[in-house]
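A structural walkthrough
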Amino acid sequence: MNSFEKYQEISQLAPEFASFTKQAAQKARNEAEFGRQMNNEIERLARQLGTQSDFREQYTLATGRADAVYNRFIIEYKSPGSLQNNLRHKPTVRAVGQVKKYIKGLAEAERHDRDRLLGVAFDGIYFIFVRYHQGHWIVEPPLEVNESSCERFLRSLFSLSSGRALIPENLVEDFGNQNVLSQQVTSALYCALEQHPDGLTARLFKQWKLFFGETAGADAAAGKIAHRSELRAFLKGMGLEPENADLPRFFFALQTYFAFIVKNIARLVLQAYAAGGLDTMPLTTVAGLQGKGLQQELQKLEEGDFYRALGLKNLLEGDFFAWYLHAWDANVEVALRQVLQRLAEYNPVTVQDDPLSARDLLKKLYHYLLPREIRHDLGEFYTPDWLAERLLNQLGEPLFQMPKPGAYIPTPNKRLLDPACGSGTFLILVARALKANCFQARLSKADTLEVILSGLAGLDLNPLAVMAARVNFLLAIADLLPYRRREVEIPIYLADSILTPVEGKKFFDQGRRILETAVGTLPIPVAIDTHAEMECLTNLLEEYVRGGFATEAFLKRCRAELPDLSDQDEATLRELFETLCNLHQQGLDGIWARVVKNAFMPLFLKPFDYVVGNPPWINWESLPQGYRQRVAPLWQQYDLFQHKGFDAILGKSKDDISALMTYVAADRYLKPGGKLAFVITQSVWKTSGGGQGFRRFRLPPPNGRGAGGRMSICVWYT
């Protein structure tokens with residue numbers, strides 16, 4: 001029986017075990033009698049599951065005698081009713097203290113890492129889970145005995161460890177596409193999305209489709225996939241009828257499922273590193289909630305309150321995948337609760353125990369959530385680590401390579417951008433190397449965190465990729481967060497590194513930049529020209545829109561916070577604020593101010609020493625028509641397009657968008673004398689048209705004057 005099958009059977013046994021526990025608590029006269037009954041029942045269940053329980057009763061340790069030890073799981077039985085839902089209650093404090101002693105004793109006796117053990121005080125009324133992590137004891141709030149808490153208890157016990165290791169293989173087993181749970185969740189989300197054709201859910205879906213078409217291609221956005229037979233089998237396996245399935249809606253539901261897992265992995269890891277310092281509900285408790293209580297707790301998660309309490313201000317910024325809260329129903333609730341229950345079994349500290357596996361954590365899960373052929377049809381070619389490491393080595397920058405013992409460490413002052421960062425492969429490898437180099441140079445953990453945050457940045461147009469990259473980045477620096485000196489902005493943004501907002505050319509659009517969204521055009525004054533000013537503006541927009549303030553009050557605050565605004569700038573801000581207020585009144589507000597902030601971020605980035613990445617390999621003709629029209633002038637600006645006639649520019653070319661990104665990245669984001677390293681398709685070295693223009697390797701002159709700049713090129717084939 002594999003882990004998933006075992007967990008399914010445990011789910012079915014949980015109600016029976018809960019009922020037995022309550023009866024035993026009523027009949028037992030003391031803790032010894034209660035313990036014997038429970039141990040006998042656990043042994044019976046172990047035989048039924050075909051599991052070796054490695055049970056030791058009254059196990060003598062240097063720190064005392066533990067009532068029951070199941071490998072790395074310790075149970076301290078107490079007389080029924082002796083524990084209370086209050087961790088300051090004296091008998092409860094004593095029970096927790098005994099569990100701590102036994103964890104320490106078992107770690108010493110059997111040479112276990114104390115962090116990998118789990119203990120529980122148990123009186124038939126309450127479970128109190130206790131674990132040790134990096135010098136701190138973590139005592140969870142008492143869980144009342146019910147089906148949910150009994151399921152958690154049994155799963156923890158039968159996993160024979162302090163929690164399921166947070167490694168790619170386990171996530172794939174529990175949440176991959178062959179898993180019944182994945183099929184149930186995706187189907188529930190798909191149906192909920194289908195039942196909400198209007199409102200905020202529909203607008204978020206529409207905006208997501210715009211990004212989806214620009215990253216996966218127009219065919220994918222229209223539901224056209226080359227590998228139709230693989231797609232049909234996949235849809236059928238997910239419980240949908242292939243003939244009637246709406247493909248973009250299905251992909252949105254699938255990505256929402258993945259995003260939900262990712263957010264809660266982040267919660268799990270952060271809660272562990274907070275070492276009990278957060279006044280928030282543990283995931284184990286959240287997984288036991290029902291109805292409105294569960295929905296409200298997830299609302300807090302999606303609004304970012306949990307992450308902001310740790311000083312993370314943008315982990316979910318520009319997130320499109322919280323729509324399920326507006327489409328909540330019984331099927332969605334049941335499906336997502338099962339995900340939370342499964343995730344609650346994981347031991348988050350294994351992220352740092354096995355950093356090599358951790359960096360592939362989300363990438364491997366997504367690979368096994370979506371079949372390979374379909375991922376390729378969507379243009380999702382992720383960079384393998386060996387290739388990313390090879391490319392980074394080509395830069396010749398020692399700070400971006402793991403240090404050799406005793407090696408000289410240069411001053412860590414180099415900055416790197418990945419303008420198409422995907423799930424963050426290059427950024428995570430560099431962050432890991434920077435951390436190791438800073439430690440070897442004896443920098444403090446606070447200084448190391450500053451080096452990483454100020455030295456790296458990533459951009460991508462795929463909302464799911466940006467979320468995965470941010471969480472991957474978070475996992476890489478989680479152990480440094482307790483030493484932060486300021487709020488942490490993860491330097492990864494949902495933005496187009498090629499097509500950035502530009503000043504309008506029409507008479508009424510002069511002096512402002514326009515961002516096109518699914519809820520209409522959002523204008524921003526050109527006078528807002530720094531990251532700090534944009535951050536200030538978006539904060540004010542959110543505060544004053546949600547607070548129901550009058551327009552004049554908003555403008556008065558803008559005058560105080562954003563000096564030197566002209567009358568025209570104020571008129572633009574008035575239009576923007578009233579647009580967002582109108583959306584808020586219609587129930588369509590939520591993320592648009594943060595979408596604006598992210599979209600404008602490329603304009604505020606200072607030049608980098610290095611630009612690296614794997615730009616999208618999408619043919620020009622596969623891009624959506626509207627995007628081709630907006631980006632066509634850039635092909636002309638860089639003299640890349642050798643085709644004749646504007647018709648070619650609008651769709652008759654086979655040229656690859658990676659050629660344009662290379663020139664834009666070198667021109668906009670690279671310091672003079674800096675280095676650019678891209679994994680790029682061989683077609684740009686062979687084709688005519690844009691490929692011909694690409695191979696000239698000459699940038700246009702600034703402001704259209706002078707000779708321009710020539711790029712020095714080194715090509716490495718694989």
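You'll find the structure just up there.
Described below are features of the structure shown in this document. Keep in mind that this is a model prediction, so the values were computed, not measured. (Residues numbered from 1 in each chain as written. Predicted model: local features only at pLDDT ≥ 70, side-chain atom pairs only at ≥ 80, totals over all residues. Heavy atoms only, no water.)

Relative to the assigned elements, S149 resides in helix α4 (residues 147-158). A polar contact of 2.7 Å, which involves the side chain of S149, links it to the backbone oxygen of E144. Other than its neighbours up to four places away in sequence, S149 contacts F127, L143 and E144. (Helix = DSSP H or I, 4+ residues; strand = E, 2+ residues; numbered from the N terminus. Polar contact = N/O pair within 3.5 Å; in protein donor to acceptor, adjacent residues only side chain to side chain. Contact = heavy atoms within 4.5 Å.)

On to the packing of helix α5 (residues 168-175) against helix α17 (residues 361-369). Where α5 contacts α17, the axes come no closer than 9 Å and their chain directions differ by 30 degrees. Relative to α17, the element α5 is oriented roughly parallel. Helix-helix and strand crossings are classified by hand; for α5 and α17 the assignment is right-handed. Only L361, K364, L365, Y368 and L369 of α17 make contact with α5, whose side of the interface consists of P168, E169, L171, V172 and F175. Of the residues that constitute the contact of α5 with α17, the class distribution is 8 nonpolar, no polar and 2 charged. (Axes fitted to C-alpha atoms, helices over the stretch in contact; angles between N-to-C directions. Parallel < 35°, antiparallel > 145°, perpendicular 65-115°, else oblique. Left-handed = near helix turned anticlockwise from the far one by under 90°. Nonpolar A, V, L, I, M, F, W, Y, C, P; charged D, E, K, R; others polar.)

To continue, consider helix α12 (residues 291-302). Compared with the 16 Å implied by 1.5 Å per residue over 12 residues, the 17 Å span of α12 between its first and last C-alpha is a close match. Turning to α12, its buried residues are L294, Q295, E297, L298, L301 and E302. The buried residues of α12 occupy an angular sector of 165 degrees when the element is viewed end-on, so they sit on one face. (Expected span 1.5 Å × (residues − 1). Buried < 20%, exposed > 50% of the residue type's maximum accessible area, 1.4 Å probe, protein only. Arc of directions from axis to C-beta.)

Read from one edge of the open sheet, 5 strands run β12-β11-β10-β15-β16, paired in parallel fashion. For this open sheet the edge positions go to β12 (492-494) and β16 (670-678), each flanked by a neighbour on one side alone. Strand after strand, the sheet turns through a mean of 20 degrees between neighbouring axes, direction not considered. With 2 bridges joining them, strand β10 (residues 416-418) and strand β15 (residues 608-613) adopt parallel strand pairing. Note that in β15 the partner of L417 across the bridge is V611. Lying over the sheet, helix α26 (residues 592-604) contacts β11 (456-460) and β12, oriented at roughly 120 degrees with respect to β12. Contacting β15 and β16, helix α29 (residues 657-668) runs over the sheet at an angle of about 150 degrees to β16. (Pairing = 2+ DSSP bridges.)

Geometric values such as these leave the question of function open.
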